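# An overview of the molecular structure
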Amino acid sequence: MTLENKNDFEESIEFTVSDKFKGKRLDQFLAEVYPEYSRSYYQKLIKEGFVFLGNKAIKKPSKKVKEKEIYTILIPKSEPLDIKPENIPLDIYYEDEDLAVVFKPAGIVVHPSPGHTSKTLVNALLYHFKNISEFGGKERAGIVHRLDKDTAGLMVIAKTEYAHKELQRQFQERKVDKKYKAIVLGKPKQHQLIDIPIGRSIYDRKKMGTKATNLRDALTEYWLEKYDEKNNISLLDVKIYTGRTHQIRVHLSSIGHPILNDKVYGFKITNVRNEYLKEILKKVDYHYLIAYKLGFFHPRSNRYLEFNIKEFPDYFQQVLNILKGRDKALKETRED
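Residues numbered from 1 in each chain as written. Predicted model: local features only at pLDDT ≥ 70, side-chain atom pairs only at ≥ 80, totals over all residues. Heavy atoms only, no water.

All right, on to unusual backbone geometry then. When glycine is set aside, most residues are seen to have a negative phi, and most peptide bonds are trans. For Lys68, which is not glycine, the phi dihedral falls at a positive 75 degrees. With respect to the helices and strands, the residue Lys68 is situated in the loop between strand S3 (56-57) and strand S4 (70-75). Even without being glycine, Asn232 reaches a positive phi, approximately 60 degrees. (Helix = DSSP H or I, 4+ residues; strand = E, 2+ residues; numbered from the N terminus.)

Here it is, written out as structure tokens:
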């Protein structure tokens, strides 16, 4: 395999090693700078000769990268993934012949990708629903829209191709009402409409950003519900009008109010004032963003349907209690 064959591949990507990555394993470096694929998938690509340093194929995943080295990855054209149904618990809010509304927990990836073909929402959907739309391919069975891995919340699932197309049209035409609760650092303005385009960050390909390539319009609106001055955290009600990758996380970070525990977009534990709250956050793997409301028109009857989550996950509710002054342990630490 040589770089002369790169036009035969799905994608050819080039990365330069910055100071922060020097000394890391090659497979780890690639997984961090371009997390669209898993580390195990990169190990497979390296061993099969699809990763180059200059014009030389590097076949050792454990190779330590050096600053200013330039690596090229050739991504083979996609082959159908072997996606199997899995008995993963699923909270189903609504179901009929055309669609379903489900709650996706934080920590679950929405759909499979090379090197990551199990324990996704799609695996669960294939198990729980006898019929489901494969309009976008089996790898995205039923998926009309997405949530980040660590964002919990409501999602509408298409069971028929007709519903799939109609629901996608509603998302494209911005007729779907999507609202989120976010707990952020600091005290934002009482209300703000953030109209800042988003694209792949020019500084780090694993991030989206406002200083980026391939910028696309992105519109987010929020309202301040509650500010806790002692802890310097706020609860926001957030509505999005576009569905860009990491949109809310990027927008809130861009105005200086990153979401709690969102270390990718600017959250720092040192900015949390209360030690009790710090200890709670250190034990949680997820960021504090929940898609709590979803409204849309039924693709067949055109009847408006609206759903709200039944209750917040425990990790979110615990910090919500702190923010609203309902946490006994925090009150005791304040008195001390």
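Here the narrative resumes, following the displayed structure.
Residue placement: Asp262 occurs in the loop between helix H5 (247-254) and helix H6 (275-282). Among the polar contacts listed, one links the side chain of Asp262 to the side chain of Arg249, at a separation of 2.7 Å. When sequence neighbours within four positions are dropped, the list of residues in contact with Asp262 reads Arg249, Phe267 and His287. (Polar contact = N/O pair within 3.5 Å; in protein donor to acceptor, adjacent residues only side chain to side chain. Contact = heavy atoms within 4.5 Å.)

A separate point is the environment of Phe267. Within the secondary structure, Phe267 is located in the loop between H5 and H6. Counting along the chain gives 42 residues from Phe267 to Ile309, while the straight-line C-alpha distance between them is 26 Å.

Next up on the list: the packing of aromatic side chains. Under the criterion given, the structure shown has 10 aromatic pairs. Ring centres of Phe29 and Tyr71 lie 6.2 Å apart, and the angle between their planes is 55 degrees; this geometry places the pair in the tilted category. Residue Phe29 is found in helix H1 (residues 26-33), and its partner Tyr71 is found in strand S4; the two are separated by 42 residues along the sequence. Considered together, Phe29 and Tyr71 belong to a single accessibility category, that of buried residues. Centroid distance Tyr288 to Tyr315: 5.5 Å. Interplanar angle 70 degrees. Geometry classified as edge-to-face. Of this pair, Tyr288 sits in the loop between H6 and strand S15 (289-297) while Tyr315 is found in helix H7 (residues 314-323), placing the two residues 27 residues apart along the sequence. (Phe/Tyr/Trp six-rings, centres within 6.5 Å; stacked < 30°, edge-to-face > 60°. Buried < 20%, exposed > 50% of the residue type's maximum accessible area, 1.4 Å probe, protein only.)

Let us now look at the nonpolar core. Val101, Ile183, Leu252, Leu260, Tyr288, Phe296 and Val319 are the most contacted members of the largest nonpolar core, which totals 73 residues. Those residues in contact with Leu252 that sit more than four places away from it in its chain are Ala182, Val184, Ile194, Tyr222, Leu236, His257, Pro258 and Ile259. In terms of nonpolar packing, the next biggest core, distinct from the first, is built from 25 residues, Leu26, Val65, Ile73 and Ile75 among them. (Core = buried A, V, L, I, M, F, W, Y, C linked by side-chain atoms within 4.5 Å.)

Taken together, the four strands give an open sheet; going across it, the order is S1-S4-S2-S3, and neighbouring strands pair in antiparallel fashion. The open sheet is flanked by strand S1 (11-16) and S3, the only strands paired with a single partner. Inspection of the sheet shows strand S2 (residues 51-53) paired to S3 by two bridges, in the antiparallel sense. Among the inter-strand pairings, Phe52 is bridged to a residue of S3, identified as Ala57. The strands that H1 touches are S1, S2 and S4; relative to S1, the one it contacts most, it runs at about 105 degrees. Its contacts with the sheet place helix H2 (residues 39-47) against S2 and S4, and it is angled at close to 95 degrees to S4. (Pairing = 2+ DSSP bridges. Axes fitted to C-alpha atoms, helices over the stretch in contact; angles between N-to-C directions.)

Two elements in contact, H6 and H7, have axes whose closest approach is 11 Å; the angle formed by their N-to-C orientations is 165 degrees. By the angle between their axes, H6 is roughly antiparallel relative to H7. In the crossing of H6 with H7, the sense of the turn from one axis to the other is left-handed. Along the contact surface, H6 presents Tyr276, Leu277, Ile280 and Leu281, while H7 presents Gln318, Val319 and Ile322. Residues that form the contact of H6 with H7 fall into these classes: six nonpolar, one polar and no charged. (Parallel < 35°, antiparallel > 145°, perpendicular 65-115°, else oblique. Left-handed = near helix turned anticlockwise from the far one by under 90°. Nonpolar A, V, L, I, M, F, W, Y, C, P; charged D, E, K, R; others polar.)

The next subject is the side chain of Ser133. Mapped onto the elements of the fold, Ser133 is located in the loop between helix H3 (121-128) and strand S7 (152-158). At 3.1 Å, the side chain of Ser133 and the backbone nitrogen of Phe135 are in polar contact. Leave out the neighbours within four places in its chain, and Ser133 touches Ala141, Gly142, Ala158, Lys159, Thr160, Glu161 and His164.

Just distances and angles here, no functional claims.
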